[in-house]
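# Notes for the structure review
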Amino acid sequence: MEPWYKVVTPRKEVREGRSFDPSEFAIALEQVVAGTAPADYRNPEQFFSRTCWTRALVEHVGSVLRRLAGETQNTSPVMTLITQFGGGKTHTLTTLYHLAKLGPKARSYVGVQDLWSSAQLSEAPEAAVGVFVGNAWDPSEGRETPWLDLAWQIAGKAGVDALGTAAKTTPPGTEALTRMFKAAGKPVLILCDEVLNFTNRHRALAEPFHAFIQNLTVAMTGTSCGSAVISLPRSQVEMTDWDQQWQDKITKVVRRVAKDLIANDEGEISEVIRRRLFDDLGNERVRKNVARAYADWCFERRAQLPPEWMAVDTSATEKKAKEHLQSKFEACYPFHPATLSVFQRKWAPLPQFQQTRGTLAMLAQWISWVFSEHHKQARNEPLITLGSAPLHHPGFRAVVLGQLGEMRLKAAIETDLAGDQAHARGLDADTKGALRDIHKRTGCAILFESSGGQREKIAHLPELRFALGEPDLDTTSIDNAAVALESRAFFVQRVGSDGFKIFHKAKIEKAVHDRRASLDDESEVRPATRKFVEEEFGRGRSIPLVLFPTDSTEISDSPRLTLVVADPDWEWNGQGGLRTQVAEWTKRRAKSDRLYPGALVWCIRKPGRDLREKVEMLLAWRRVQRDVREGILGTDYDRADLREIEIKVKEAEDSVREQVWAQYRYVVLADATASDGLKAIDLGAGHSSGAESLCGRVIAALKAEAMLNESVGAGYLDRNWPRAFAESGAWPLSSLRQSFLNGALTRLLDPDTVLKHRLTEFVRNGDFGLASGPKADGKYERIWFRDAISVDEVAFESGVVLLKGHTAELLTRGDEAKPETKELLTQPAAVPDKPVETGPLFGGERSAAGPQTVALRVVGSVPPELWNRLGTRLLPKLRTGDGFRIRVEMEVEVTTDVESALRADIKQAIMDLGLDSTIEVR
């Protein structure tokens, strides 16, 4: 089907862009009378050639002509034109003016003969016409009042004389008016327009004019060949309080004898518009083909379209129903019916909307844009649909907003529909064919369909389908476009199950978007991200955490299993510089090799921006929540908005939490079998409901991989007994411990604690033995087997070994004849009753002379890096004796500028420990 702009021919002024202002479509009746109006209005032949003889116009004009011809049956001496602002009342008055002035000479003009026939007249008489236009009238010499001016127009000096000399200051009575009518010598027609404007401008004459109108209606009732037509606006948009007061007064007087006329039949405005905009509608066959194609499309989808458009007589055949639809499309060509009807269906109740001239101004600019060089950008659509409105054009947009009376919608149009960066434009980037610009077109239709309405301002999906539907487009595409646009847009809002509207107040999401755009990465986003990650890993943690280390020295070298949480900026892809860095930090602490690399477990997030984006959204929602509470975003937000913000903040918090779980999915730890010493475990997609805590999730994954256990059993040690110690049956505890720390054996959460407790149980149960002080003959100074020992007595040193059960049993049997050995096994005290040689576990001496007390003093310098080990290794041994005392003497050299601060810090630390009474700083 041919595009409409290749079929029709617009009028010259439309093509040239000279019909953009609504005032250009307004007739100035006083200019028609003065002969200064444009030729289209001034010249009767041109005027009637462009007049659309609507049913309302034919009925109204015909009734007045019959009254002028002396017909009193079914006619009224006074008529009031009640119209919407811009509804065509002045066009009706101009039609009456030309016909009354011409009389029988109007026979040859377009439509006049048919008009006479409709009024049951062979011809209409010529009449004396008096015109009063309130916004143009001003007093002049000899025409000091409106009634004197009308008398001059109707009967000249004779008419003025008929009113009498008192008419210069006093409104004429009914008898004087009747004399003036007779002085005319022919039928009389009085046309009054803009009367409220007159009462406002000439308030001193308001009361006299009111009396004149009252007398005029009575006098006109007394004549059979006269008529008065007075226009009164139906809309109150133009009225001040004064106007409203006089509107009520004049209406009350006039309507006692007047008949109300509606100047334009809303159902026929489409024909008026077509006549005013186009010279030629093109080939009739093309119009019928287009109308038939659209009618067929609508009929097939009638259940999905507005019932008012699809309603046909239930008894009609399918063919008749399609023909009925086709006639609707033909009557509006080249417009889609919804394009014209929306201004009556939805916009008519708007008080500032100029029903005819406003619609003409919008459509004229619309058509002119297409027929300029911009037609290359227009879609090849057979009909002018609401979706093709050039809202991106500033001039057209200004006319639309002016008619809506809502300039605040400018931001909505530019942001969501037609701006350079509009959301619809982004959604339409890849659309083509029948779907080209589908989101923009849907947004335009939503604007027009939701900007009016007496009860609701909503564009329902059936209305959008009808307004945008065409033979190559399915309704689901329109539905999907509306939903997609609403989800992306700031001002397009969902209403109910199938409604959409464009509102001047942005959705909360718009404020969120603005706040998100203003976030600072370094001072806001990154710190917040780290805080959320820290909170999530810290919740329910069961092992030590090292958060976001920036240097290997920040990670302690401890035998206890430690979870190192990488900075959110780090992304694990399994290779590259990050893997090298993690491997280096796992093996070394600064420049020293780690003693316990197997105790480190890294948790690093996967690549992607999801976590960052979720944090940004949460920060933005929190800002909006704060700004709304403080009134920074205005007071338009109601209780529902506040509740929505609260819900969104909670959802954003949950989303960040879930994203932390989802993002931190890689566990990296030492593995001696790997080329670079690392093993990575993919935890998979995580969810907070999958485990009690993130630490628990990591631990569970290590357990699932058989790389971590809570404890160990005797059987596990027996199965993993090193071959090197199989023959001797003795496994040094230092080697045993290191096997759990270097990955040779399973990892333990706290190896030292677990092993000490388990070994004491194994010895007590007889699963294994414990011995110390190896001798050259393969025996030991001390042996524990099936004995109760303290965990403090288990030292992970090379001179202390774990014995297999049968080995420990054989060694203890061989020593049964030696009382001193037996006594050693049963009395592990620091001061034995019988003399024994020095043993490595206790370091004391025994004398053959009997029990004596020996004082042991440990004196010397200890390097700082061994201070912690000194406390765990040495102090338990010393505490086995009596009178254990520790004296402290520490010395450090500092410069004088920091001495005072350091002294205060040391004293504070001593006080915190409760030792300020026993330790002093010198």
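Throughout this description, residue numbers start from 1 for each chain and increase along the sequence as written. Per-residue local features of the predicted model are confined to residues with pLDDT of at least 70, and side-chain atom pairs are confined, for both listing and counting, to 80 or more; whole-chain, interface and lining totals are unaffected and use all residues. No hydrogens and no water enter the side-chain calculation; it runs on all heavy atoms of the structure.

### With respect to the sheet that holds strand S11 (residues 545-547)
We call two strands paired when DSSP finds no fewer than two bridges between them. The helix and strand labels rest on DSSP assignments: H or I over at least four residues marks a helix, E over at least two residues marks a strand, and numbering proceeds from the N terminus. Strand order in this open sheet of 5 strands is S11-S12-S15-S16-S17, and the pairing throughout is mixed. Two strands bound the open sheet, and with one partner strand each, they are S11 and strand S17 (678-682). For this sheet, the mean angle separating the axes of adjacent strands, direction not counted, is 25°. To get an axis, fit a line to the C-alpha atoms, keeping to the stretch in contact for a helix; angles then go from 0 to 180 degrees between the N-to-C directions.

### A short note on unusual backbone geometry
Put simply, Tyr 333 and Pro 334 share a cis peptide bond, and its omega is 10°. Mapped onto the elements of the fold, Pro 334 is located in the loop between helix H16 (318-332) and helix H17 (337-345). Positioned with a positive phi, Asp 437 is a non-glycine residue whose angle comes to about 55°. Here Asp 437 lies in the loop between helix H21 (423-427) and helix H22 (438-450). Even without being glycine, Phe 548 reaches a positive phi, approximately 50°. Among the secondary structure elements, Phe 548 is positioned in the loop between S11 and strand S12 (562-565). Of the residues examined, Phe 548 reaches a relative accessible area of 12% and is grouped as buried. In this scheme, a residue with accessible area under 20% of its type's maximum is buried, one over 50% is exposed, and one in between is partly exposed, where area comes from a 1.4 Å probe on protein chains only.

### Considerations on the environment of Ile 230
Within the secondary structure, Ile 230 sits in strand S5 (residues 226-233). C-alpha of Ile 230 to C-alpha of Ile 190: the two residues are 40 residues apart in sequence and 8.3 Å apart in space. In this view, Ile 230 contacts Val 78, Met 79, Thr 80, Leu 81, Cys 192, Val 195, Ile 213 and Val 254; residues no more than four positions away in its chain are not counted. Contact between two residues is taken to exist if any of their heavy atoms lie within 4.5 Å; hydrogens are not considered.

### Quick look at a nonpolar patch on the surface
Together, Phe 884, Ile 886, Val 888 and Met 890 give the surface a local cluster of nonpolar side chains, amounting to about 420 Å² of exposed area. Tracing the sequence through the fold places Met 890 in the loop between helix H37 (875-878) and helix H38 (896-912). Relative accessible area serves as the criterion here: at 69%, Met 890 is assigned to the exposed category. Without a salt bridge and with relative accessible area above 30%, a residue can belong to a patch; like charges are then joined within 9 Å and nonpolar side chains (Val, Leu, Ile, Met, Phe, Trp, Tyr) within 5 Å. Only the protein chains shown count as cover for residues, and all accessible areas are computed by the Shrake-Rupley method using a 1.4 Å probe. One side-chain nitrogen of Lys or Arg within 4 Å of one carboxyl oxygen of Asp or Glu is enough to make a salt bridge.

### Concerning the confidence of the model for the protein
Scored by pLDDT, the protein has a mean of 84; 88% of the residues are at 70 or more. Confidence drops under pLDDT 50 across residues 816-848; counting only partners more than four residues distant or on other chains, this segment forms 47 contacts. Values of pLDDT, ranging from 0 to 100, describe the predictor's confidence in every residue of the model.

### Topic: the sheet that holds strand S9 (residues 492-495)
Reading across from one edge, S8-S10-S9 is the order of the 3 strands in this open sheet, with antiparallel pairing throughout. Every interior strand has two partners, whereas the edge strands, strand S8 (459-460) and S9, have only one. Relative to strand S10 (residues 499-502), S8 runs antiparallel, the two sharing 2 bridges. Directly across from Ala 459, in S10, lies its bridge partner Phe 500. Across the sheet, H22 is in contact with S8, S9 and S10; its angle to S10 comes to roughly 85°.

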